Amino acid sequence: MLDSYPNFQGFLEVSSVDPLGKIVNSVFIKNVITYKATNILARSLGGDASYNPTHIWVGGAAAAPSLPTVSRSDTSLSTASDPASDPTNVRSELLIASKSYSSSPTTGAPSGQQNNNVVTFTAIMPAIPTDSSLNTKYFFEAGIITKIGTENILFSHQAHTAIQKLQGFQLVYTWSIRFI
């Protein structure tokens, strides 16, 4: 997939999965790494594991909305998905269920030098969520967050074509970041 999008620094794929495990709808989009990510990565690499990304934060609405503008200076999901603005809107924090690393060698480079070092985070909105109000909502916004106490620090953010969370279906968020 990365070969088809060689200039991307990362991507998000959101898939709707039916009760039999079949993907029935999928959205694939480039992500935006926020400026705050530099602070998060520096602390994480410095050994402060409390800054490791922990959740994917998603926003939805009762109807497919106009997509919010996403920028590197973002510090939160947009007010378009803020339940205080519209009670039919929802947010949900999905625990990152798996993290993985992959790489591929750079053609012609000395052994061990990589072109595509990719970290992938996966989170799942369950078929039967604890908050049943998530069913039937159209999810259109997501961000990787680091939770520090009660604060959500946005690491990466994007808005995508709305995908509806149907009752009994899972939404699977697969977020990859490529380091080149």
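The structure under discussion appears in the preceding block.
Thresholds, definitions, all that
Residues numbered from 1 in each chain as written. Predicted model: local features only at pLDDT ≥ 70, side-chain atom pairs only at ≥ 80, totals over all residues. Heavy atoms only, no water. Helix = DSSP H or I, 4+ residues; strand = E, 2+ residues; numbered from the N terminus. Buried < 20%, exposed > 50% of the residue type's maximum accessible area, 1.4 Å probe, protein only. Contact = heavy atoms within 4.5 Å. Areas by Shrake-Rupley, 256 points an atom, 1.4 Å probe, with all protein chains shown as cover. Salt bridge = Lys/Arg side-chain N within 4 Å of Asp/Glu carboxyl O. Pairing = 2+ DSSP bridges. Axes fitted to C-alpha atoms, helices over the stretch in contact; angles between N-to-C directions. Polar contact = N/O pair within 3.5 Å; in protein donor to acceptor, adjacent residues only side chain to side chain. Patch = residues over 30% accessible without salt bridge, like charges linked within 9 Å, V, L, I, M, F, W, Y side chains within 5 Å. Core = buried A, V, L, I, M, F, W, Y, C linked by side-chain atoms within 4.5 Å.

Peer 1: Would you mind showing me how to read the overall build of the protein chain here?
Peer 2: If you tally the helices and strands in the protein chain, you get 1 helix and 9 strands. Secondary structure of the protein chain in N-to-C order comes out as β-β-β-α-β-β-β-β-β-β. Here the protein chain, with 180 residues, has 41% of them falling under the buried criterion. Taking the contacts inside the protein chain whose residues are at least 6 apart along the sequence as the reference set, 70% of them involve residues at least 24 apart. Surface summary for the protein chain: the accessible area is close to 9,200 Å², and the carbon and sulfur share equals 54%.

Peer 1: How should I be thinking about the pattern of salt bridges in this particular structure?
Peer 2: It is possible for side chains bearing opposite charge to pair when their charged atoms get close. Per the stated rule, a full pass over the model turns up 1 salt bridge. Taking the shortest distance from any N to any O, the salt bridge between Glu93 and Lys147 comes out at 3.1 Å. In this pair, Glu93 sits in strand S5 (residues 90-102) while Lys147 sits in strand S7 (residues 138-148), placing the two residues 54 residues apart along the sequence. Among the residues examined, Lys147 registers a relative accessible area of 25% and is labelled partly exposed.

Peer 1: For this particular structure, what's the right way to read the sheet that holds strand S9 (residues 170-179)?
Peer 2: Strands belonging to one sheet form pairs held by backbone hydrogen bonds; the direction of such a pair is parallel or antiparallel. Taken together, the 9 strands give an open sheet; going across it, the order is S2-S1-S9-S6-S5-S4-S7-S8-S3, and neighbouring strands pair in antiparallel fashion. Of all strands in the sheet, those with a lone pairing partner are strand S2 (23-30) and strand S3 (32-33), marking the two edges. Across 2 bridges, S3 lies against strand S8 (residues 151-164) in antiparallel orientation. Within S8, the residue paired with Ile33 across the bridge is Ser156. Where helix H1 (residues 36-45) meets the sheet, it contacts S3, S7, S8 and S9, and its direction lies at approximately 125 degrees from that of S8.

Peer 1: I would appreciate a short explanation of the side chain of His157 in the present structure.
Peer 2: Secondary-structure assignment places His157 in strand S8. A distance of 2.8 Å separates polar atoms of two side chains, one belonging to His157 and the other to Glu141. Here His157 is in contact with Asn31, Val32, Thr34, Val70, Asp74, Ser76, Leu77, Ser78, Glu141, Ala142, Gly143 and Trp175, once residues within four sequence places are set aside.

Peer 1: Which parts of the structure should I look at to understand a nonpolar patch on the surface?
Peer 2: A grouping of Leu41, Leu45 and Phe179 is seen on the molecular surface, where their side chains present a nonpolar patch of about 310 Å² in accessible area. Here Phe179 lies in strand S9. According to the relative accessible area criterion, Phe179 is partly exposed, its value standing at 38%.

Peer 1: Can you help me understand unusual backbone geometry in this one?
Peer 2: Most peptide bonds take the trans configuration, and most residues that are not glycine carry a negative phi. A positive phi angle, close to 75 degrees, is found at Thr136, a residue other than glycine. Relative to the helices and strands, Thr136 resides in the loop between strand S6 (117-125) and S7. Residue classification places Thr136 among the partly exposed positions, given a relative accessible area of 46%.

Peer 1: Looking at this model, I keep getting lost on the nonpolar core. Mind explaining?
Peer 2: Nonpolar side chains in soluble globular proteins generally cluster together in the buried interior. The biggest cluster of nonpolar side chains holds 25 residues, and the ones touching the most others in it are Ile56, Val58, Phe139 and Tyr173. Among the secondary structure elements, those contributing two or more residues to this core are strand S1 (10-17), H1, strand S4 (55-61), S5, S6, S7, S8 and S9.

Peer 1: Honestly, the environment of Leu12 in this entry has me stumped. Any pointers?
Peer 2: Relative to the assigned elements, Leu12 resides in strand S1. Not counting chain neighbours up to four residues away, the residues in contact with Leu12 comprise Val27, Phe28, Ile29, Ala142, Gln158, His160, Tyr173, Thr174 and Trp175.

Peer 1: Where do I start with the side chain of Asn135 in this structure?
Peer 2: Here Asn135 shows up in the loop between S6 and S7. Asn135 gets classed as buried once you look at its relative accessible area, which sits at 11%. In this structure the side chain of Asn135 is engaged in a polar contact, spanning 2.8 Å, whose partner is the side chain of Lys165. Residues within four places of Asn135 in sequence aside, it is in contact with Ala127, Pro129, Lys165, Leu166 and Gln167.

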